[in-house]
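Below, each chain spelled out in residue letters.
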Amino acid sequence: MSAQASSSIARPRATRSNDDTVTNLPPRPGAVASQDSKQIQLLANHFKISFEPGIFYQYRVDFEPEVESKGKKRALLDSINEIWGRRYIFDGTMLWSTKNFKDCGVDTVDRDNNPFHVALTFTKEVPVGGPDDKTDVQIYNILFRRNLRHLKMIQIRRNHYSKDLARVFPQDHIELWPGFITPINLHDRGHSITIDRTWKTLRTDTVWDKMNEMYNNFQTDEAWHNAVAADLTGAIVLTRYNNRTYPVHGVDWNQNPASLFPRNGRQTSFADYYLDQYKIDIRVQIQPLLINRQRRRLPQGGFKEDVIFLIPELCYRTGITDEMRANDDLMKRMATITLGPPQERVMEIVKFAEEIASKNEEIKADFAHFGLTLNSKPPMVPARQLPRPAVMITPRRQPVI
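Below is a short write-up of the structure. Keep in mind it's a predicted model, so treat the numbers as computed, not measured. (Residues numbered from 1 in each chain as written. Predicted model: local features only at pLDDT ≥ 70, side-chain atom pairs only at ≥ 80, totals over all residues. Heavy atoms only, no water.)

Glancing now at the overall build of the protein chain. Per the secondary structure count, the protein chain includes 10 helices and 26 strands. Summed over all atoms, the accessible surface of the protein chain reaches about 24,000 Å², with 50% contributed by carbon and sulfur. (Helix = DSSP H or I, 4+ residues; strand = E, 2+ residues; numbered from the N terminus. Areas by Shrake-Rupley, 256 points an atom, 1.4 Å probe, with all protein chains shown as cover.)

Laid out in structure tokens, this is it:
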């Protein structure tokens with residue numbers, strides 16, 4: 001069938017009903033149940049979530065001098081929250097509040113008594129809480145993920161993980177952080193949040209440790225440089241000082257932590273930057289720098305590529321490498337943890353939902369302020385279980401299972 005012909009086929013539209021079932025599919029045609037099948041009830045990991053209708057006020061936040069750390073930005077906002085209140089939603093650039101206030105600029109200081117100017121500029125009103133409204137999904141996703149810090153969870157990209165509950169494999173220099181996926185989406189029958197388990201694999205030794213280990217396998221620096229670049233390019237590393245991940249696009253052997261770069265109108269070294277920004281003292285001054293390239297949209301339109309240099313001593317590799325996959329014993333030991341039985345998975349998901357919905361007082365207060373309600377009871381889904389079929393193999397056609 002050609003592409004033109006297939007595009008003209010009419011497809012049934014998904015319908016909306018008043019029950020709590022979440023679906024994005026058209027209704028199934030009627031079918032006669034097999035006499036051998038058994039009717040069962042399944043649990044879904046979609047939890048009903050609702051919002052009270054209202055208005056959020058959106059503001060753009062600018063810092064002078066510029067602040068790169070989102071955590072430091074929030075700390076500065078918290079220090080002067082008498083203007084917009086203790087409870088607000090902030091994504092690093094935009095702030096949403098239930099309070100309507102005029103544009104303002106406030107002077108404050110950080111914990112080291114360095115002066116900063118924080119400017120808030122009103123941009124628009126955002127209606128929230130509509131049953132079919134997609135505009136509030138982004139805001140409530142930020143609110144939900146932010147509140148997971150009250151459970152001592154660490155955000156890495158869009159998911160949250162518990163460092164305190166990490167499973168460690170000391171002989172392999174690996175640890176597994178348990179976590180949860182928590183996206184809020186608008187479905188055919190309202191908003192819901194999907195909750196599922198996930199795991200983050202982290203090395204406990206640094207990238208610099210691994211580079212030194214590789215050094216002993218080569219007779220020349222050039223061969224070592226090439227091997228390190230081939231091994232690291234495309235890898236994802238995590239920096240624990242801000243719990244952010246970065247893809248590595250290369251290694252700069254011409255720079256080191258003592259190299260200078262422009263910051264706030266003056267030249268500063270990478271070592272001094274980490275000491276000032278994160279209170280981290282770089283131990284090895286001869287190590288090269290890792291290259292990360294990021295493309296960002298400019299306010300006036302267009303894009304700009306930023307180059308971020310990372311210190312190997314502060315980077316930890318994430319994910320499962322080919323070397324790890326080749327280790328059958330390690331993969332079996334990891335699977336015993338990550339591939340638990342369905343009953344265990346359901347219990348952990350429901351326990352997590354209950355903790356958020358009703359057990360943590362700080363989360364309850366924040367959700368109540370912004371009009372968010374989570375139903376921690378997982379929905380039941382009717383299903384039918386078919387008997388195991390007999391698989392026949394020719395020519396004797398003997399059943400094998």
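Turning our eyes to something else, we now look at the packing of aromatic side chains. For the structure shown, the criterion picks out 17 aromatic pairs. Seen from their ring centres, Phe270 and Phe309 are 5.8 Å apart, and the 70° between their planes marks the pair as edge-to-face. Here Phe309 lies in strand 21 (residues 303-310) and Phe270 lies in helix 6 (residues 270-278), a separation of 39 residues in the sequence. Classification of Phe270 as buried rests on a relative accessible area of 6%. (Phe/Tyr/Trp six-rings, centres within 6.5 Å; stacked < 30°, edge-to-face > 60°. Buried < 20%, exposed > 50% of the residue type's maximum accessible area, 1.4 Å probe, protein only.)

Once that is clear, we can look at the sheet that holds strand 12 (residues 184-187). Pairing in this open sheet of 4 strands is antiparallel, and the strands run 12-13-2-23 from one edge to the other. At either margin of the open sheet sits one strand with a lone partner, and together these are strand 12 and strand 23 (372-374). In this sheet, adjacent strand axes meet at a mean angle of 35° when their direction is disregarded. As paired strands, strand 12 and strand 13 (residues 190-194) are joined by 4 bridges and run antiparallel to one another. Each residue of the ladder has a partner; that of Leu186, found in strand 13, is His191. (Pairing = 2+ DSSP bridges. Axes fitted to C-alpha atoms, helices over the stretch in contact; angles between N-to-C directions.)

The linkage connecting Glu64 with the following residue, Pro65, adopts the cis geometry, with an omega of 0°. Following the sequence through the fold, Pro65 ends up in the loop between strand 3 (54-64) and helix 2 (70-78). Here the phi dihedral of Lys152 falls at roughly 60°; this positive angle occurs in a residue that is not glycine. Inspection of the secondary structure assignment puts Lys152 in the loop between helix 3 (135-147) and strand 8 (154-156). Residue classification places Lys152 among the exposed positions, given a relative accessible area of 63%. A positive phi angle, near 60°, is found at Lys279, a position not held by glycine. By secondary structure assignment, the location of Lys279 is in the loop between helix 6 and strand 20 (289-297).

Moving on to the sheet that holds strand 6 (residues 104-109). Read across the sheet, 5 strands follow the order 4-5-3-7-6 without closing on themselves; strand pairing throughout is antiparallel. The sheet terminates laterally at strand 4 (89-90) and strand 6, the two strands that pair on one side only. As defined by bridge partners, strand 3 adjoins strand 7 (residues 115-128) across 11 bridges and the pair is classed as antiparallel. Bridged to Gln58 within strand 7 is Lys124.

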